[in-house]
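Each chain, written out:
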Amino acid sequence: MATFLHKLGRLAFRRRGTTALLWLLVLVGAVVAASSAPAPPADTFSMPGTESQKAFDLLKDKFPAASADGASARVVIRVPRGQDIAGPERKPAVSGLVAELAKAPGVVAVSDPYLPGAVSKDATTAYAVVTYKAAATQLTDAEHDALTGAFDKARATGLTVEAGGDAIKIDVAVGGAEGIGVLVSAVVLLLTFGSMIAAGMPLLTALIGVGIGISGITALGSTLGLSSNTSTLAMMIGLAVGIDYALFIISRYRSEIAEGHERREAAGRAVGTAGSAVVFAGLTVIIALSGLAVANIPMLTKMGMTAAGTVAVAVLIAITLVPALLGFAPVKVLRRLDRKAVTGKPLSARQQRKAAREAARTKPNLGTRWAGYVLRHPVAVLLVGVLGLGAIALPAASLELGLPGEGTMATDTTQRKAYDMLSESFGPGFNGPLMITVSAKDAASAAAGVGKALAGMDGVASVSPAAPNAANDTAILNLVPSTGPTDHATEELVRAIRDGVPAVAAGAGADEILVTGQTAMFIDFSKTLDDALVPYLALVVGLAFLLLVLVFRSVLVPLKAALGFLLSVSASLGAVVAVFQWGWLADVFGVKEAGPVMSTMPIFMIGVVFGLAMDYEVFLVSRMREAYVHGARPQEAVVTGFRHGGRVVSAAAIIMISVFSGFITEQNDLIKMIGFALASAVLFDAFVVRMALVPALFALLGRSAWWLPRWLDRLLPNLDVEGEKLNRAPASAHGAAPYPEREHELIR
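Everything numeric here is computed off the predicted structure, so don't read it as measured data.

Colleague: Help me understand the overall build of the protein chain, please; the structure alone is not making it clear to me.
Modeller: Looking only at helices and strands, one finds 25 helices and 11 strands in the protein chain. Across the 748 residues in the protein chain, those meeting the buried criterion constitute 52%. Counted over contacts in the protein chain with a minimum sequence separation of 6, partners at least 24 positions apart contribute 79%.

Colleague: Looking at this model, I keep getting lost on the nonpolar core. Mind explaining?
Modeller: With 153 residues, the main nonpolar core has Tyr245, Met601 and Phe660 as its most contacted residues. Here this core takes 19 residues from helix 21 (residues 600–629), the largest share from any one element.

Colleague: I'm lost on the pairing of strand 10 (residues 512–516) in this one. Help?
Modeller: Taken residue by residue, a regular strand's side chains alternate between the two faces of the sheet. Taken across its five residues, strand 10 has four buried, putting it largely inside the fold. Across five bridges, the pairing between strand 6 (residues 434–439) and strand 10 is antiparallel. Within strand 10, the position partnered with Met435 by the bridge is Thr516.

Colleague: Can you walk me through empty space enclosed by the protein in this structure?
Modeller: It is the rolling of a water-molecule-sized probe over the atoms that shows where space remains empty. Counted under the stated rule, the structure contains three cavities of 30 Å³ or more. Each pocket or cavity is described by its volume, and for the second largest cavity that value is around 40 Å³. Lining the second largest cavity are Thr205, Ala206, Gly209, Val210, Gly242, Ala314, Ile317 and Ala318. The element best represented in the lining of the second largest cavity is helix 7 (residues 196–224), accounting for four residues. Residue composition of the lining of the second largest cavity, by class: five nonpolar, three polar and no charged.

Colleague: Help me understand the pairing of strand 1 (residues 72–78) in this model?
Modeller: Most of strand 1 sits out of view: five of its seven residues are buried. In the sheet, strand 1 pairs with strand 3 (residues 125–132) via seven bridges, with the strands oriented antiparallel. Note that in strand 3 the partner of Val75 across the bridge is Ala128. Sheet topology note: the strand 1/strand 4 (residues 160–164) ladder contains five bridges and is antiparallel. Residue pairing for strand 4: Val76 is matched across the bridge by Glu162.

Colleague: Which parts of the structure should I look at to understand the environment of Glu262?
Modeller: By secondary structure assignment, the location of Glu262 is in the loop between helix 8 (228–258) and helix 9 (263–290). Owing to a relative accessible area of 40%, Glu262 belongs among the partly exposed residues under this scheme. Placed 68 residues apart in sequence, Glu262 and Pro330 show a C-alpha to C-alpha distance of 9.9 Å. Among the polar contacts made by the side chain of Glu262, one reaches the main-chain amide nitrogen of Arg264 at a distance of 3.1 Å.

Colleague: How should I be thinking about the sheet that holds strand 1 in this particular structure?
Modeller: Paired through their backbone hydrogen bonds, the strands of a sheet run either parallel or antiparallel. The four strands are arranged 2-3-1-4 in an open sheet whose pairing can be described as antiparallel. If you trace the sheet from one side to the other, it starts and ends with strand 2 (107–110) and strand 4, each paired once. Neighbour to neighbour, the strand axes of the sheet diverge by 25° on average, direction disregarded. Strand direction decides the pairing type here: strand 2 and strand 3, joined by three bridges, are antiparallel. Looking at the pairing, Ala109 lines up with Thr131 of strand 3. On top of the sheet, helix 4 (residues 91–102) reaches strand 1, strand 2, strand 3 and strand 4; it is set at about 155° to strand 2, its chief contact. Helix-sheet contacts for helix 5 (residues 141–156) involve strand 1, strand 3 and strand 4, and the interaxial angle to strand 4 is about 155°.

Colleague: Please explain the pattern of salt bridges as it appears in this structure.
Modeller: Between side chains of opposite charge, a pair can form when the charged atoms approach closely. Across all of its chains, the model carries 25 salt bridges by this definition. Measuring nitrogen to oxygen at the nearest pair gives 3.2 Å for the salt bridge that ties Glu100 to Lys153. Taken as a pair, Glu100 in helix 4 and Lys153 in helix 5 lie far apart in primary sequence, 53 residues in all. Owing to a relative accessible area of 53%, Lys153 belongs among the exposed residues under this scheme. By sharing partners, the salt bridges in this structure join Arg10, Arg252, Glu256, Glu262, Glu265 and Arg269 into a single network.

Colleague: Honestly, the packing of helix 9 against helix 21 in this entry has me stumped. Any pointers?
Modeller: Between two packed helices, both the angle of their axes relative to each other and the distance between the axes serve to describe the pair. Orientation of helix 9 relative to helix 21, taken along the N-to-C sense of each, is 165°, at an axis distance of 8 Å. In terms of orientation, helix 9 lies roughly antiparallel with respect to helix 21. Once helix 9 is placed against helix 21, the crossing between them reads as right-handed. Residues Ala277, Val278, Ala281, Gly282, Thr284, Val285, Ala288 and Leu289 of helix 9 form the contact with helix 21, whose own contacting residues are Gly607, Val608, Phe610, Gly611, Leu612, Met614, Asp615, Val618, Phe619 and Ser622. For the contact of helix 9 with helix 21, the class distribution of residues is 12 nonpolar, five polar and one charged.

Parameters and conventions
By convention here, each chain's residues receive numbers from 1 onward along its written sequence. In keeping with the model being predicted, local features are shown solely for residues with a pLDDT of at least 70 and side-chain atom pairs are shown and tallied solely at 80 or more, while totals for entire chains, interfaces and linings include all residues. Side-chain figures throughout are based on the complete set of non-hydrogen atoms in the structure, without hydrogens or water. Working definition: helices are DSSP H or I runs of at least four residues, strands are E runs of at least two. Numbering for both runs from the N terminus. Each residue's exposure class comes from its accessible area (1.4 Å probe, protein chains only) as a fraction of the maximum for that residue type: buried when under 20%, exposed when over 50%, partly exposed otherwise. We call two residues in contact when some of their heavy atoms are within 4.5 Å. Nonpolar cores are built from buried Ala, Val, Leu, Ile, Met, Phe, Trp, Tyr and Cys residues. Side-chain atoms within 4.5 Å join them into one set. Strands are treated as partners if at least two bridges between them are detected by DSSP. In the cavity and pocket records, a cavity denotes points on a 1 Å grid over the protein atoms alone where a 1.4 Å probe fits but cannot get out, a pocket denotes an open set with protein on both sides within 12 Å along at least 5 of 7 lines, and lining residues are residues with an atom within 4 Å of a point. Grid points are joined across faces, edges and corners, and a volume is the space filled by probe spheres set on the points. Throughout this entry, Asp, Glu, Lys and Arg are counted as charged residues, while Ala, Val, Leu, Ile, Met, Phe, Trp, Tyr, Cys and Pro are counted as nonpolar. The remaining residues, Gly among them, count as polar. The term polar contact refers here to a pair of N or O atoms within 3.5 Å; inside protein, the definition further demands a hydrogen-donor-capable atom paired with an acceptor-capable atom, and it admits residues adjacent in sequence only when both atoms are side-chain atoms. Every axis corresponds to a line fitted to the C-alpha atoms, with the helix fit spanning only the stretch in contact, and the corresponding angles, defined between N-to-C directions, vary from 0 to 180 degrees. The term salt bridge refers to a pairing of a side-chain nitrogen on Lys or Arg with a carboxyl oxygen on Asp or Glu at a separation within 4 Å. Angles below 35 degrees are treated as roughly parallel, those above 145 as roughly antiparallel, those between 65 and 115 as roughly perpendicular, and all remaining angles as oblique. Crossings are classed by handedness, with left-handed meaning an anticlockwise turn of the near helix from the far one by less than a right angle and right-handed meaning a clockwise turn.

Geometry only, nothing functional implied.
Structure, rendered in structure tokens:
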């Protein structure tokens, strides 16, 4: 691996113009394809194999008119307490609102708010359903404006009017999430490299990679059903790893130059060593993201696959475009003082004094000092790190999962106000009705019997009359629970109905009874994710474990990497529960309404965090492995790894944290929550697990950390990630400097 990548790096450096031109053509082609592609579709739920999905598919077949994808709005109208909404003083205003809605552009139907069941028992509240011909994503500004204009006119007459549904426009502030991350990354890179050129390269290559990835997603959006959320998540991951991968290769190039290699050889060796780590780190991220397909939820699969594709582009750019750009500025990526040393130009008097001070400086860098401290106090560091993360993880025991709905929106939104009004006037279950489909030869008669049986169950507020289709082979019943859609009792009711279906069907003469509706769909969605979590973890952790065994030729190193990941994820989940579910520091992070954690968040976070955790493991430990292979003692190898990689890994982690933190400013709840979860997970994993617990464990394990059974050693191919073959050539062949000296005094 190292030999191949070494040759690839040298080729890209030598053919820098061709390499850069090829990537530019790819970017332009992707942008052109995206600009001519149709608009991406809206997010949709689809769960093959679940009862809810089976019922929805049945409704599309048996009730084609009812399954149209037109947008709808449920308009809730209320008069002051003590007045009658159907009285002569208020009915004209309500009728005027209905007439105004009926003539609004795009509207095909408006239900009568005075139908039986549409008026509350206290006669103060009623609702009407507005149905549009076009889907929610296709509604124009004129259609939205006409709807809100009708509401404003009705409010001027003294009515309280609020509305929910997908036809209601959600005002989303245009976030600068990626801009915030790029700005902070630029500052970190400048401080790390001390060179504008070196700091700009990772940003440039990351933006090119993200541009190609996002453009590709947009171009294929309508064909593959990739939504805008898919692009946002791909941007989040692609931007973070793109900057980090380039950072590691450029940093290694500077180290190779400092050790005396000529420029093209330094680029080749940087790609051969750091590039090998990039490839395998990228593979772990790709495996983790692609593994989301195990859940068998198309939306989650698309998110994972598109983000994995963006990571793959970032890896390819890192091992080809980065060395090509180094070829354009092989010296300018160095600090100003180092440039003159490489080119042989005379130093100014000030530069000579600075060089003399650096040469006289004997104090090791911060990474070396930190590694020495951990190696001297491994047990204390291990206990503090594990107990600290364990304490942060405690709230995760109270994790409650759910899916976003109008009941979790901010209290000042019209959707939330309409939701609360309906709950107050018609009961909490009114916002989450269940739809019961009954299939039988005489569906109307069978459904009537099913309705009577269901109406007598605990937790059922009401059951509507049966509505059969034209062929009378399928009928629909609407069941209103006595509890809200996110209440645990509602989930128990759905389970009880499904468990009792055989007896109910036999008594009513029905062939098949299915429970569906948005509430049932959300319940099935959460259960599907729960059932998929263990197989997903087994697949992802198992494949990544095998990959890390190949990389490090050790059994214990991959094992402790996986255990450290579990600590990071648990702590991050604890932080998410504390902020988003309990509401701690909610104002600081812009959380308008605390509530259940989104069902999709934990499994997606686990996939991404596992990949990123393995990133730092590969980047940091591969440098230790390289030192160990080249003859350093185990503790010396840890010091060497931190001396060369500690600062760069810290910079990479800060960059990732800044990129993910920028997405906390987004208005989309899922993006906000994932941004917070990933930022906190990287913080815990990089600075506690990889920078503290890993060296502490190496200190305790010693040489056994690199143990591998002989029979397994013979079976495994030697991938040479650490570049051992590159160092077998005579030092004079590449102008190599001796391997760095050992620092015994730091580990005594």
